[in-house]
Amino acid sequence: LGGVSGVAGAVLAFVANGLHPHPDDFHLEALLQGIAQSTAWSVIHLTLIFALLLIFAALLVVTLTTEGEPGATVARFACLAALLGGTLMLVSTAMDGFAMNQLAWAWSTATLAEKASALRIASALESAQYAVYSLSVAIFLGLGIFLYGSTTVLSSGYPRVLGWLAMLSGAG
C-alpha cells in the first residue's frame, strides 16, 4: 500500500508540475493573465494536493513499518517534519491554486481604476505564498526526507541505498 501510494503520488506530482507554468522571467501581470485564461489551473492544483496526500500515506507506512527498529524514533521525527512541512505545502498549493485564481479573475475583470489595487493584493498574496512554500520545502523536502533517509539506513526493512539517496536529497 505504501509503495503504490508513493509511486502514484510521485507520478501525479511529476505530471501536475509539468503542466504547471514556471515562467523564466516573472512578471505578475503576465502570471495573472495566464491564470485568468487557464481552464486547468485549479485542476492542476487539486492534482498536486492529491499527489501530496498519496505521498503522505507512503511516508506514514514507512513510519509504521519501522516500529521496533533502531530507526523508529527517527521515523517519528521524520513523520512530524513531513506533517508540518506537508501541511505548509498544502496551504501554499491552495493559495496558489485557488486564492490566486480568484485574484487573477478579479484583476482581469477589474476596471482600470481598480486594476492597481487588485495587482497590489495579488502581489502580497504571491509573496506570502512564496514564503509559505519556501518554508515547506525546507521542512518537508529537506529535513523530513533527510530524516526518512536516516530511518531507512538504521532499519532493516528497506534497502539502505535508498536511505542514503534520501539523505543526500534532503541535505541538498
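This text goes with the structure placed above it.
As a starting point, this report considers the structure included with it. All values reported here derive from a predicted model rather than from experimental measurement. (Residues numbered from 1 in each chain as written. Predicted model: local features only at pLDDT ≥ 70, side-chain atom pairs only at ≥ 80, totals over all residues. Heavy atoms only, no water.)

Along the protein chain, the regular secondary structure elements total six helices and zero strands. The order of helices and strands in the protein chain, counted from the N terminus, is α-α-α-α-α-α. For the protein chain, the spread of C-alpha atoms along the principal axes amounts to about 65 × 25 × 25 Å. The buried share among the 172 residues of the protein chain stands at 40%. Of the contacts made within the protein chain by residues no fewer than 6 positions apart, 80% connect residues no fewer than 24 positions apart. Total accessible area computed for the protein chain in this model is approximately 9,500 Å², and 73% of it derives from carbon and sulfur atoms. Positive and negative side-chain charges of the protein chain, numbering 4 and 8 respectively, have mean locations separated by a distance of 8 Å. (Helix = DSSP H or I, 4+ residues; strand = E, 2+ residues; numbered from the N terminus. Buried < 20%, exposed > 50% of the residue type's maximum accessible area, 1.4 Å probe, protein only. Contact = heavy atoms within 4.5 Å. Areas by Shrake-Rupley, 256 points an atom, 1.4 Å probe, with all protein chains shown as cover. Lys, Arg positive; Asp, Glu negative; His and termini not counted. Charge placed at Lys NZ, Arg CZ, Asp CG, Glu CD.)

To continue, consider the pattern of salt bridges. Enumeration according to the criterion identifies one salt bridge in this entry. Between glutamate 67 and arginine 76 there is a salt bridge; the shortest N-O distance is 2.8 Å. Glutamate 67 gets classed as partly exposed once you look at its relative accessible area, which sits at 49%. Relative accessible area serves as the criterion here: at 42%, arginine 76 is assigned to the partly exposed category. (Salt bridge = Lys/Arg side-chain N within 4 Å of Asp/Glu carboxyl O.)

Taken as a whole, the largest pocket spans an internal volume of roughly 680 Å³. As for the largest pocket, its lining consists of 26 residues, of which Asn17, His20, His22, Leu48 and Tyr133 are closest to the centre. For the lining of the largest pocket, the elements supplying multiple residues, two or more each, are helix H1 (2-19), helix H3 (41-65), helix H4 (72-109) and helix H5 (112-154). A class-by-class count of the residues in the lining of the largest pocket yields 17 nonpolar, seven polar and two charged. In this model, the second largest pocket occupies a volume close to 420 Å³. Taken together, 15 residues line the second largest pocket, and the ones lying closest to its centre are Leu59, Ile145, Tyr148, Leu162 and Ala166. Ranked by residue count, the leading element in the lining of the second largest pocket is H5, at five residues. Residue classes in the lining of the second largest pocket are distributed as eleven nonpolar, four polar and no charged. (1 Å grid on protein atoms, 1.4 Å probe; cavity = no way out; pocket = protein on both sides within 12 Å on 5 of 7 lines; lining within 4 Å. Points joined across faces, edges and corners; volume = space filled by probe spheres on them. Nonpolar A, V, L, I, M, F, W, Y, C, P; charged D, E, K, R; others polar.)

The next point concerns the nonpolar core. Leu32, Ile35, Met100 and Ala122 are the most contacted members of the largest nonpolar core, which totals 13 residues. Looking at which element gives the most residues to this core, the answer is H4, with five residues. One finds Leu52, Phe56, Leu147 and Tyr148 within the second-largest nonpolar core, a separate group that totals eleven residues. (Core = buried A, V, L, I, M, F, W, Y, C linked by side-chain atoms within 4.5 Å.)

The next thing to look at is H4. The terminal C-alpha atoms of H4, which comprises 38 residues, lie 54 Å apart, in line with the 56 Å expected from a rise of 1.5 Å per residue. The largest bend in H4 amounts to roughly 35° and is located at methionine 100. (Expected span 1.5 Å × (residues − 1). Bend = angle between axes of the 7 residues up to and from the residue.)

Turning our eyes to something else, we now look at the packing of H3 against H4. At a minimum axis distance of 10 Å, the contact between H3 and H4 shows a crossing angle of 175°. When the axes of H3 and H4 are compared, the pair comes out roughly antiparallel. Taken together, the residues of the contact of H3 with H4 break down into 15 nonpolar, eight polar and two charged. (Axes fitted to C-alpha atoms, helices over the stretch in contact; angles between N-to-C directions. Parallel < 35°, antiparallel > 145°, perpendicular 65-115°, else oblique.)

Here we come to the packing of helix H2 (residues 28-37) against H5. In the contact formed by H2 and H5, the axes pass within 11 Å of each other and the chain directions differ by 90°. Classified by the angle their axes make, H2 and H5 are roughly perpendicular. Residues Leu28, Glu29, Leu31 and Leu32 of H2 lie in contact with H5, whose contacting residues are Leu119, Ala122, Ser123 and Glu126. A class-by-class count of the residues in the contact of H2 with H5 yields five nonpolar, one polar and two charged.

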